[in-house]
Amino acid sequence: MDAKKDLILGVFANYGFSWIEAYMISISRCKFAGRKVLIVWNISDEVRQKLTQYGFELIEIPPRTNCEVKFAADFFRIRDYLAYEYLREHHQEFRYVFWLDIRDLVLQTDPSVWMENNLHPYKLVVASECIRIKAESCNDGWVKDIYDKDTYERLREHEVLNGGTFAGEAQSMRDVFAYLSAMADKFPQNITEQAAINFILREPHFEAITKVPRMEEGFAAVGYGFGNELEHVWTDQVPVLNKTTGMLYPQGKSEPFAIVHQYDRNKNWAATISAQYTVGVVPPPRSLRRPPRCRP
């Protein structure tokens, strides 16, 4: 299989074009050659038209939720069901599957190329948030809510693995979502996705086939920890932002990260990166997309 057999899979509902613009434009710019499938409901005509124009395949389903009070828990539970249902039926059509959040995520380079060059001998790859679970109250609480005390105490010593930035061989991705879907069903009142991904990818079978890249490897940078936690809890080097081009780099590297997630939750990144990904912005020539000479 080649890059045309790769898949970006996502679920989107209830919000307007501003929530999806940067994601949509960045995928187009990075020259991803595979299929782009979004399972959607409650979308506007503008969102539908733009996504179709940019080559997305839309699977429109009856509305599942539009209740703002319960939206977070409902949405994350529903999207795990939907992803599993889709991959259970279609995984054999694909080589690599990318599961990516939408509102706060951009692709800087073609992620298929990163996978071809870096995934082997693993079958899955997941972004680290570069802070430990115990250092961040939401993640710590999510794990505590659904696992027993011994499991909670074990997991909280590990780095946070990001539930909206992982990828892998299609069959292995199906297997991950089988577990995520089952946990969402078991705890319908909780947001289980992030805790569950941190558990399942550290079980022996999955841990043996999962790569958790360091920052220097350039898979993905996740902004929340670097933007909102004190430096003493970071577990890796802070990425470097080129303030002219809005491109984010590992320290000392000339190749940017393939994926940037949660850029809007980092005050040092948000405005510069956001400004690069609107319909009217022309990206700078590649000769200018080099890292700055020093840390910000």
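Now for a quick tour of the structure. (Residues numbered from 1 in each chain as written. Predicted model: local features only at pLDDT ≥ 70, side-chain atom pairs only at ≥ 80, totals over all residues. Heavy atoms only, no water.)

As for the pairing of strand β1 (residues 7-13)
Working step 1: Across the seven residues of β1, seven count as buried, placing the element largely inside the fold.
Working step 2: Residue alternation in β1 divides its side chains into two sets, Leu7, Leu9, Val11 and Ala13 and Ile8, Gly10 and Phe12, and both sets are buried.
Working step 3: The pairing of β1 with strand β2 (residues 35-41) spans seven bridges and is classified as parallel. What sits directly across from Val11, in β2, is Ile39.
Working step 4: Of the crossover connections in this fold, the one passing from β1 over helix α1 (residues 21-29) to the parallel β2 is right-handed. (Buried < 20%, exposed > 50% of the residue type's maximum accessible area, 1.4 Å probe, protein only. Helix = DSSP H or I, 4+ residues; strand = E, 2+ residues; numbered from the N terminus. Pairing = 2+ DSSP bridges. Right-handed = clockwise from strand over helix to strand, strands pointing away.)

Looking at the pairing of strand β6 (residues 124-132)
Working step 1: Counting buried positions along β6 gives eight out of nine residues, so the element sits mostly inside the fold.
Working step 2: Bridge analysis of β6 against strand β7 (residues 159-169) gives five bridges, and the strand direction is antiparallel. Considered in β7, the bridge of Val126 is made with Phe166.
Working step 3: Examined bridge by bridge, β6 and strand β8 (residues 210-211) share two bridges and lie parallel to one another. Each bridged residue has a counterpart across the sheet, and for Leu124 the counterpart in β8 is Thr210.

A closer look at the packing of helix α7 (residues 170-186) against helix α8 (residues 193-200)
Working step 1: With their axes 10 Å apart at the nearest point, α7 and α8 run at an angle of 135° to one another. Of the possible angle classes, the one that applies to α7 and α8 is oblique. Crossing angle aside, the handedness with which α7 passes α8 is right-handed. Contact residues: α7 offers Val176, Tyr179, Leu180 and Met183, while α8 offers Glu193, Ala196, Ile197, Phe199 and Ile200. (Axes fitted to C-alpha atoms, helices over the stretch in contact; angles between N-to-C directions. Parallel < 35°, antiparallel > 145°, perpendicular 65-115°, else oblique. Left-handed = near helix turned anticlockwise from the far one by under 90°. Contact = heavy atoms within 4.5 Å.)

Topic: the pattern of salt bridges
Working step 1: Per the counting criterion, the structure on display carries 21 salt bridges.
Working step 2: In this structure, Arg95 engages Asp6 in a salt bridge whose closest nitrogen and oxygen atoms are separated by 2.8 Å. On the criterion of sequence distance, the pair formed by Arg95 in the loop between α3 (71-90) and β4 (96-100) and Asp6 in the segment before β1 is long-range, its members being 89 residues apart. Both residues of the pair, Arg95 and Asp6, belong to the buried class.
Working step 3: The residue Asp264 makes a salt bridge to Arg103 at a minimum N-O spacing of 2.4 Å. With a gap of 161 residues between them, Asp264 in the loop between β12 (259-261) and α11 (270-274) and Arg103 in the loop between β4 and β5 (105-107) connect regions that are remote in the sequence.
Working step 4: Residues joined in a network through salt bridges with shared partners are Arg103, Asp104, Asp264 and Arg265. (Salt bridge = Lys/Arg side-chain N within 4 Å of Asp/Glu carboxyl O.)

Observations regarding the sheet that holds β12
Working step 1: The strand order across the open sheet built from three strands is β5-β12-β9, with neighbouring strands paired in mixed fashion. Across the chains shown, the open sheet's two edge strands, defined by having one partner strand only, are β5 and β9 (220-222). Strand after strand, the sheet turns through a mean of 10° between neighbouring axes, direction not considered.
Working step 2: Bridge count for β9 against β12 is three bridges, and the pairing is parallel. Opposite Ala220, over in β12, you have Ile259 as the bridge partner.

Some details on unusual backbone geometry
Working step 1: Following His120, the chain continues to Pro121 via a peptide bond in cis, the omega torsion being 10°.
Working step 2: Relative to the assigned elements, Pro121 resides in the loop between α4 (111-118) and β6.
Working step 3: Positive phi values are uncommon outside glycine, yet Lys31 reaches one of about 70°.
Working step 4: Tracing the sequence through the fold places Lys31 in the loop between α1 and β2.
Working step 5: The exposure class of Lys31 is exposed, given its relative accessible area of 64%.
Working step 6: Not every positive phi belongs to a glycine, and Asn42 is a case in point at roughly 55°.

A word on helix α2 (residues 45-53)
Working step 1: Within α2, burial applies to Val47, Lys50 and Leu51. Relative to the axis of α2, the buried residues are bounded by an arc of 95° and lie together on one face.
Working step 2: Where α2 is buried, its residues touch β1, α1, β2 and β3 (57-60).
Working step 3: Gly55 lies just past α2 and shows a positive phi near 90°. (Arc of directions from axis to C-beta.)

Everything listed is a geometric property; what it means functionally is a separate question.
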